[in-house]
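Tertiary structure, described
Take a look at the letters that make up each chain.
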Protein chains: 2
Amino acid sequence: MAGRGSASAPDAAVTIRDVARAAGVSAMSVSRVVNGKPGVGPETAARIENAIQALGFRPNRMATSLRQKRGLSLLGMVVPDPYTPMFTEIAVAADAALREHGLIVVTASSGRDPVRERALVGSFIDRGLDGLLLVSEDDDHRYLAPELQRGRPVVFVGGPPVGVEAPAILVDNRGGARTAVEHLLGRGHRRIAIIASTTGFPAAERLAGYRQTLAAHGVPVDPALVMRVPHGRVDGARATARLVDRADPPTAIFCTNYLLTAGALPALRERGSGCAFVAFDDFEAATLAEPPVTVVTQDPPSMGRLAAELVVAAIDGTGGGPERVTVPARLIPRGSGELPPPA
Amino acid sequence: MAGRGSASAPDAAVTIRDVARAAGVSAMSVSRVVNGKPGVGPETAARIENAIQALGFRPNRMATSLRQKRGLSLLGMVVPDPYTPMFTEIAVAADAALREHGLIVVTASSGRDPVRERALVGSFIDRGLDGLLLVSEDDDHRYLAPELQRGRPVVFVGGPPVGVEAPAILVDNRGGARTAVEHLLGRGHRRIAIIASTTGFPAAERLAGYRQTLAAHGVPVDPALVMRVPHGRVDGARATARLVDRADPPTAIFCTNYLLTAGALPALRERGSGCAFVAFDDFEAATLAEPPVTVVTQDPPSMGRLAAELVVAAIDGTGGGPERVTVPARLIPRGSGELPPPA
DNA sequence: CTGTTAGCGCGTTCAC
DNA sequence: GTGAACGCGCTAACAG
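Residues numbered from 1 in each chain as written. Chains lettered and ligands numbered in written order. Predicted model: local features only at pLDDT ≥ 70, side-chain atom pairs only at ≥ 80, totals over all residues. Heavy atoms only, no water.

**Side note on the overall build of chain A**
Our working rule: Labels follow the DSSP assignment, with helices taken as runs of H or I lasting at least four residues and strands as runs of E lasting at least two, numbered in each case from the N terminus. For the radius of gyration, the atom set is restricted to C-alpha positions; the globular benchmark scales as 2.2 Å times the number of residues to the power 0.38. The contact definition used throughout considers only heavy atoms, calling two residues in contact when any of these lie within 4.5 Å. Values of accessible area rely on a 1.4 Å probe in the Shrake-Rupley scheme; residue burial ignores everything except the protein chains shown. In this charge count, Lys and Arg are treated as positive and Asp and Glu as negative; neither His nor the chain ends contribute. Here the site of a charge means NZ on Lys, CZ on Arg, CG on Asp, or CD on Glu.
A tally of regular secondary structure across chain A gives 12 helices and 12 strands. Relative to a compact globule of 343 residues, whose C-alpha radius of gyration would be 20 Å, chain A shows 26 Å and is clearly more extended. With respect to the principal axes defined by its C-alpha atoms, chain A has extents near 90 × 55 × 35 Å. Long-range pairs, those at least 24 residues apart, make up 67% of the contacts in chain A with a sequence separation of at least 6. Accessible area of chain A: about 14,900 Å², with a carbon and sulfur share of 53%. Each charge class in chain A can be summarised by its mean position, and for the 37 positive and 35 negative side chains these summaries are 4 Å apart.

Written out as structure tokens, the structure reads:
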């Protein structure tokens, strides 16, 4: 059929002037109709509408934004990885909340690479996105200072802005860690291991919470039970193997993020270990595992909603300043965290 | 500190002219330096570089794109939902491949709402994204005809374009279903149920493959074992409950997508059912469940890579026409699919 | 009610 | 090697 030869030059898009010509009016009148502004007679408007339909005119939003010095009604969200369910749920909640404001949420992953994170943030800003939701585990955000000062709507989520002032939705990482550790202590555990990632403020806070809590209960921290590893599944698996294979293994493990957990659980299972296990961050598969996984979780939907409110405020200029909200973390017992230490 | 009063008007961004003035040159020279084009003396260039640094100049990509009639170097990907791991993996692979071409991949979810899907696609086009990766389960894409004809780079992934011609990376849904069903038949199962979503071409194909395969093996299809439900976790759970609670329950279930599976597994577990189970689409938690879940899977990384190649070709105009690639599906036995029927 | 002028920020063209 | 003029597609601010 038309198949082959149709390497037709990408037909130039139809512009507002094409419509104006077709309708025998000026571009301005078309603009008014398109934007629903008054000042166009009913007949003229009808002619214009027809021309728009006939030509399939679609306003070029880039031109509009350029002229009006406004954003593209796009809101960018940058997450460390696309796998961690919590990030997804935050995005879903933010998306729902922002849709009401006519904003489309688009997501991209930084892969925990500070260089890529900065590139993404910069790209989003240069490309005229209206605002940014930044889930960052980086430890230096001073590069954002100029943008922030220029009033760019950037809201931090889950990890705090470091070196700059910016609105943020944070999590009570220490409190969550304390909850997890106290839960295990309450079940009689004394040799409690922790698996934490080497990077990121949240990881450091969770580790600190672990240390504080053990200290507060007079339980010495065995350095051999503190595993600090990169933020990946294989790292979680390896750390778990090292712990479980020890001559004096821990009786419980506190695993501080999703990816590490995703690696740890299969490792634990392979070894048939009866080690108690509590994970930071909830995930769907937690109920599928045997035993189901006890978790400490934040409330991602709330976080997403709150973050949405803050960006909107920032975009509208309603923001009173860099606001900071910390949401609590709670424990959901499901089985793995209630396993007793071996008698 | 500066805190409160700094409701400063969002300082106008610094433009190329500000830099030109600061460096005592024309905007043109600044442009040349920024874009690494020749024709600027070393000293002048140095002065300009300094001014750029000092003022923190960042070129406005919208203006550039408008002038050059090019995209924003953003590639939009629209997925039905943000939970299904396969979509995520396709996105990751596409992202990696497209990064080399200087394209940033941003993702948004349609929620399987055709209206929203169209809105997203339209928005992306109007906003000057360079291309689109569309994972659609809609059954009518004629609204895209004008755009396609204008040479918009849209590549379908996982679901075919309906009513229009467009490049696509597809999956052998029927073949995959056949593989799954034959695997179960080979284990001695005769009462094999299927849980499929009511919407979407892939679902219909998988169901057809199931029917064909049973017929080919002389096994009658019991309509009571064919569950067509909406595409959600709760629907998967309910369908499973209905099946398992029957007086004459199936001895095996073929569950045709991730969300349904995510609902089905807990339901199965609650009931302590020994029903064999094969899922279409792989997912991380499959290895965590007890027993681990046998799946039929496509190769998402390949799909993402291929899709990336097709969009790039379409963007460059290298595309010979609407190409269509179908990737095979293979079975990964893990345990749940090898459960025998009760003797 | 409708049209004209001007310019958003940038890059192409062509002169100097 | 450098800059002035013009226009990408659209709309505010004025005419008429």
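**Re the UniProt feature "domain: HTH lacI-type" (unreviewed entry) in chain A**
Spelled out, the test is: UniProt positions are given in the numbering used here, feature names are shortened, and annotations may be inferred rather than shown by experiment.
Under the local residue numbering, the UniProt record ascribes the feature "domain: HTH lacI-type" (unreviewed entry) to residues 14-68 of chain A. Taken end to end, residues 14-68 of chain A comprises 69% helix and 0% strand; its first and last C-alpha atoms sit 21 Å apart.

**Quick notes on the sheet that holds strand β9 (residues 276-280) of chain B**
Residues and elements named next belong to chain B. As a reminder, the rule being used: Being paired, for any two strands, means DSSP has found at least two bridges between them. Lines fitted to C-alpha atoms define the axes, with helix axes restricted to the stretch in contact, and inter-axis angles between N-to-C directions lie between 0 and 180 degrees.
With mixed pairing, the six strands of this open sheet are ordered in space as β7-β6-β8-β9-β10-β12. Two strands in the sheet have a free side with no partner beyond their single neighbour: β7 (226-229) and β12 (330-332). With direction set aside, neighbouring strand axes in the sheet form an average angle of 20°. Both strand β6 (residues 192-197) and strand β8 (residues 252-255) contribute to a ladder of four bridges, which runs parallel. Directly across from I192, in β8, lies its bridge partner A252. Sitting on the sheet, helix α11 (residues 258-270) touches β6, β7, β8 and β9, and the angle it makes with β9 is about 160°.

**Thoughts on the relation of the copies chain A and chain B**
To keep it simple, the criterion reads: Superposing copies: least-squares fit, C-alpha atoms only, residues required to have pLDDT of at least 70 in both.
Rotating chain A by 180° and translating it 0.1 Å along the rotation axis places it on chain B, where the RMSD comes to 0.1 Å. Such values leave the two copies arranged in the relation of a two-fold axis.

**Digging into the protein's contact with DNA strand C**
To be explicit about the condition: Residues are labelled near a given molecule or strand when at least one of their non-hydrogen atoms is within 4 Å of it. Throughout this description, a polar contact denotes any pair of N or O atoms lying within 3.5 Å of each other; where both atoms belong to protein, one of them has to be capable of donating a hydrogen while the other can accept it, and for residues adjacent in sequence the pair is counted only when both atoms sit in side chains. Residues are sorted three ways: Asp, Glu, Lys and Arg are charged, Ala, Val, Leu, Ile, Met, Phe, Trp, Tyr, Cys and Pro are nonpolar, and all the rest, Gly among them, are polar.
As a matter of local geometry, DNA strand C sits amid 26 residues, with G41(A), T44(A), I16(B), M28(B) and R67(B) nearest to it. Put simply, 61% of the atoms of DNA strand C that lie within 4 Å of the protein are in sugar or phosphate. In this structure, G41(A) approaches DNA strand C through a main-chain N or O atom, which is 2.3 Å from a phosphate oxygen. A distance of 2.5 Å separates a phosphate oxygen of DNA strand C from a polar backbone atom of I16(B). For the surface near DNA strand C, the elements supplying multiple residues, two or more each, are α2 (27-34) and α4 (61-68) of chain A together with α1 (16-23), α2 (27-34) and α4 (61-68) of chain B. The element best represented in the surface near DNA strand C is α4(B), accounting for four residues. Looking at the surface near DNA strand C, its residues break down into nine nonpolar, 11 polar and six charged.

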